[in-house]
Amino acid sequence: MITTYFVLCCKFYAASTLIYLQWTVVYCCFVPNHTSVYDIMTGVIYDDNFTTHKCLWDENYSENPQRYTSVLDRCNSLGLIDRCIKISSRQATKEELVSKHTAEHIDLLKSTEHYNEEKLEKFSSRYDSIYVHNSTYRQSLLAAGSSIELVKAVVDGRVQNGMAFVRPPGHHAMESEYSGYCFINNVAIATQYLLDKTATQKILIVDWDIHHGQATQQMFYEDSRVLYFSIHRYEHGQFWPNLRESDFDHVGNGSGTGFNVNVPLNDTGMKNEDYMAIIHYLLIPLATEFSPDLIIVSSGYDSAIGDPKGEMMVTPACYAHITKKLMSLCCGKVIAILEGGYYLKSLAESAALTLRALLGDPCPVIESLQQPCKSVMESIGNVIYAHRHYWDCFKYNVFYKENLPEIHYNFFDEKPGIYQTRNMYPKIDTANFDIILNNIITETNLFNPKIRVGLISNVNEHSNSNFKNNDIYQYLKSKIGNLHVLMERQSTIEEFNIVNSLECIKEILNKPKYIDEEKCTKINNECIENNPVFNKYYFSVGPLLQIIDSIFENEIKSGIFVSSISNIGKNEDSCTLNASIIGANYAIKKYFLKRILIIEPNENVTQIYSNDQILVISMDTLLNGSKTNSGNNHINISWSKKILNEAEFTTMMLHLILPIAYEYNPELIIISSKLYSNINNINGIQMTPIMYGHLIQWLSTLANGRLIVYEQDARDDSMYRKKCLLQCSKALLGKPISKLSLKNLLNFETKDILLNNIKTHRNSWKSLQF
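The following refers to the structure shown.

Rules behind the numbers
Going along each chain's sequence as written, the residues are numbered from 1 onward. Local features are withheld for residues below a pLDDT of 70 in this predicted model, meaning they are given only at 70 or higher, and side-chain atom pairs are given and counted only at 80 or more; totals for whole chains, interfaces and linings count all residues. Excluding hydrogens and water, the side-chain values take into account all heavy atoms of the structure. Nonpolar cores were defined as sets of buried Ala, Val, Leu, Ile, Met, Phe, Trp, Tyr and Cys residues, with membership established by side-chain atoms within 4.5 Å. Categorising residues by exposure relies on relative accessible area from a 1.4 Å probe, with only protein chains included: less than 20% of the type maximum marks a residue as buried, more than 50% marks it as exposed, and the intermediate range marks it as partly exposed. Secondary structure elements are taken from DSSP: a helix is a run of H or I of four residues or more, a strand is a run of E of two residues or more, and numbering for both begins at the N terminus. Should any heavy atoms of two residues lie within 4.5 Å, those residues are considered in contact. When DSSP finds two or more bridges between a pair of strands, those strands are recorded as paired. Note on method: axes are straight lines fitted to C-alpha atoms, helices fitted across the in-contact stretch only, with angles between N-to-C directions ranging 0 to 180 degrees. Each salt bridge in this description consists of a side-chain nitrogen of Lys or Arg and a carboxyl oxygen of Asp or Glu lying within 4 Å of one another. Should an angle fall under 35 degrees it is called roughly parallel, over 145 degrees roughly antiparallel, and 65 to 115 degrees roughly perpendicular, with every other angle called oblique. Helix crossings are classified by the rotation of the near helix relative to the far one: an anticlockwise turn of less than a right angle makes the crossing left-handed, while a clockwise turn makes it right-handed. Under the scheme applied, nonpolar residues are Ala, Val, Leu, Ile, Met, Phe, Trp, Tyr, Cys and Pro; charged residues are Asp, Glu, Lys and Arg; polar residues are all the others, including Gly.

1. Focus: the nonpolar core
So, point 1. If you look at the biggest cluster of nonpolar residues, it comprises 192 residues, and the most contacted ones within it are F165, F229 and L699.
So, point 2. With 12 residues, the single largest contributor to this core is helix α8 (residues 272–290).
So, point 3. Apart from residues lying up to four places away in sequence, L699 is in contact with I599, M653, L658, A661, I669, I671 and L707.

Below you can see the structure in the form of structure tokens.
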């Protein structure tokens, strides 16, 4: 039974899924545990009027109405549009347009409404890669106005994020010149609106269209309120728009110096690993330090596999991963506005998976990421060199080289007086890419259980109290509402035998402090059942196995194991073995998993009972200490500081852990940690609750979101512990978490520590061989 009620809310910002801004009626519902109540509010704008703008004299023109319809059709086929909040479209006003364009620019376009076809083509020939239709003026106004309405909806709190399916695209439309299929700069108009009309102070524009958005760059080149970050094909100026200003050394001017970031791609065939290297090494640290109020994506998909203009190899799922990384910033306020993309099948799938990511669905698994190509790593190094004086995250970067980068510009053609208008884009046979993309789509598992996270606690043999009455649960409920609680269960002797080898069981049972060796010469159920070590697992491992079962039976996406308060002394081990290894072996044997990643953020406690199907990454404070790397299945990251600051944590995650994790490509991730407010173990590293939240967010893009937070044991009920579990819960639910701070926190010591760890593991991992 669903219980509903209505609440009148005052003007109060909260990025939760149940609260609107301003005085508004909020619909709330409490539903049974088998239904998810944690859907992110995603706005979407579309309008069938976007199909009217078309080329009258060339039916093969790349920018055509089918781009819009193919995207809508694919989103509808996946049921995505019905899950979104529809935002009404509208035309932009003259006042809004002249914030970034001249009045003459607008009036000239308006004058074409009544031109005949001959006059339209003649008008179009005056501009680079342009055609004009009688509907172009009004449709351009509709695209700009709709973009404004979507960003307003996010800032007002009506939705958390959103996507605008608009055309014509906009990022090539300059102040007084039409260019590259663009007439009005939709992203720039929406950005300027927020700066002028709202309290928004800092906006990050991410332009992943394969063509450089030169117009957006020009419009904010001297504005420090806007950080423009563009990834584009350049080839030393030989790729359109063939501008010298598209290279890495154009960093902004005046107060905007350092706020224009160009990542030029000087080769074709770039893959997922090349784009993700840019995201991990440049965009995320830069964006985290900039700390924007909102992110707008110039969302072009001509870098996707099969697109004849981009000639790149980025798969549709990769856009979902990038989108999720952006959602970890600025409280999840991300808006994607459609730009380019000209291979319809690839465009539609990529846009749909972007919208799916905005809705909070798990990222589809992408293939194991390998070594980024030499060309992209050179561009990354050049960007760091050009911006090293403006951003703290680049001052002590491992990719920084003191040698002045060479600048090559190889385009010297003059602009023609009259531009070609016909037969510019001969029809291309896409049959081969259709087969490739159909296979990719078929093999992509769009895993999306209704419940995003399930909580469970230890079965307490001395108490029958329900976990919902637990202080931790009540704290989480007060902050984020009801959470799905899994049924508690105990592990069985059969499960104990399944996941442990005979040698392992003998070692456990024959510990002198527990039982005489003579009493356990024969391994049997009675011997196991009477052993104190097994009794500890009997009540602690069972709930972990329940989470694993619930995940792989598609009941939940992820889970959190909340440990009951323990009375164990400081120097006494809670268990002889790490229960996360038990859980991993259980998942391998019951669900036939091949790769499980275990992360130990603050201590190396994993024993030797591992195998080639489990990768363990441990962190401790012994720099070049006595602990050694036990092969490719155990990575020990040594850090010389007891406390990690947020910049050091971010650097370690983005340059070491995430590249390895993406190369390993796990099917399940277990975060095994001790949430103590004071780590007494000599090897422990203290992390803040916010760092735990970001750790979960960054890793949850992998393994279809199948991630378990396992609290090893609890020795206090501190506020630190509660805040850690809160941030982990928010991250798994897709709720906004607090921002990290990266300013003035890195130094040469940090760089040396990171380089030492990279050198230690470089030979085993291609992703570290840059």
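2. Brief notes about the sheet that holds strand β3 (residues 42–45)
So, point 1. Spatial strand order, β4-β3-β5-β10-β9-β6-β7-β8: 8 strands in an open sheet with parallel pairing. The two strands at the open ends of the sheet, each matched to only one other strand, are β4 (85–86) and β8 (260–265).
So, point 2. As judged from the 4 bridges shared by β3 and strand β5 (residues 161–164), these two strands associate in the parallel manner. The partner of V44 across the bridge, within β5, is M163.
So, point 3. The sheet contacts of helix α5 (residues 136–156) involve β3, β5, β9 (294–299) and β10 (334–338), and relative to β5 the element is tilted by about 175°.

3. Details of helix α21 (residues 689–699)
So, point 1. Most of α21 is tucked away, with 10 of its 11 residues classed as buried.
So, point 2. Within the sequence span of α21, burial applies to P689, M691, Y692, G693, H694, L695, I696, Q697, W698 and L699.

4. A short note on the pattern of salt bridges
So, point 1. By the definition in use, this model includes 23 salt bridges.
So, point 2. The salt bridge partner of R83 is D361, with a shortest N-O separation of 2.8 Å. Of the two residues, R83 is situated in the loop between α1 (65–77) and β4 and D361 in the loop between α10 (344–358) and α11 (374–387); the sequence distance between them amounts to 278 residues.
So, point 3. When its relative accessible area of 32% is taken as the criterion, R83 is described as partly exposed.
So, point 4. As a salt-bridge pair, K152 and E149 come within 3.8 Å of each other at their nearest N and O atoms. In this pair, K152 and E149 both sit in helix α5, 3 residues apart, roughly one turn of the helix.
So, point 5. E149 gets classed as buried once you look at its relative accessible area, which sits at 13%.
So, point 6. Ionic contacts of the salt-bridge type, sharing partners, join the residues R90, E96, E149 and K152 into one network.

5. Looking at the packing of α21 against helix α22 (residues 719–733)
So, point 1. Axis separation between α21 and α22 bottoms out at 8 Å; the angle between their running directions is 25°. It follows that α21 is roughly parallel to α22 by the angle criterion. Handedness of the α21/α22 crossing: right-handed. Here P689, I690, Y692, G693, I696 and Q697 of α21 lie close against α22, whose contacting residues are Y720, K723, C724, Q727, C728, A731 and L732.
So, point 2. Class assignment of the residues belonging to the contact of α21 with α22 gives a composition of 9 nonpolar, 3 polar and 1 charged.

6. A few points about the sheet that holds strand β18 (residues 707–711)
So, point 1. Strand order in the open sheet made by the 8 strands is β12-β11-β13-β18-β17-β14-β15-β16, with parallel pairing throughout. Two strands lie at the open edges of the sheet, namely β12 (484–485) and β16 (634–638), each paired on one side alone.
So, point 2. One ladder, built from 5 bridges, connects strand β14 (residues 596–600) with strand β15 (residues 614–620); its direction is parallel. Counterpart to I598 in the pairing with β15 is V616.
So, point 3. Relative to β15, helix α20 (residues 646–664) is tilted by about 170°, and along the sheet it contacts β14, β15 and β16.

7. Here we look at the pairing of β18
So, point 1. Across the 5 residues that make up β18, a large majority, 5, are buried.
So, point 2. Residues L707, V709 and E711 point to one face of β18 and I708 and Y710 to the other, with burial holding for every one of them.
So, point 3. Bridge count between strand β13 (residues 556–562) and β18: 3 bridges; the pairing is parallel. For I560, the partnering residue across the bridge sits in β18 and is V709.
So, point 4. Bridge count for strand β17 (residues 668–673) against β18 is 5 bridges, and the pairing is parallel. Across the sheet, S672 pairs through a bridge with Y710, a residue of β18.

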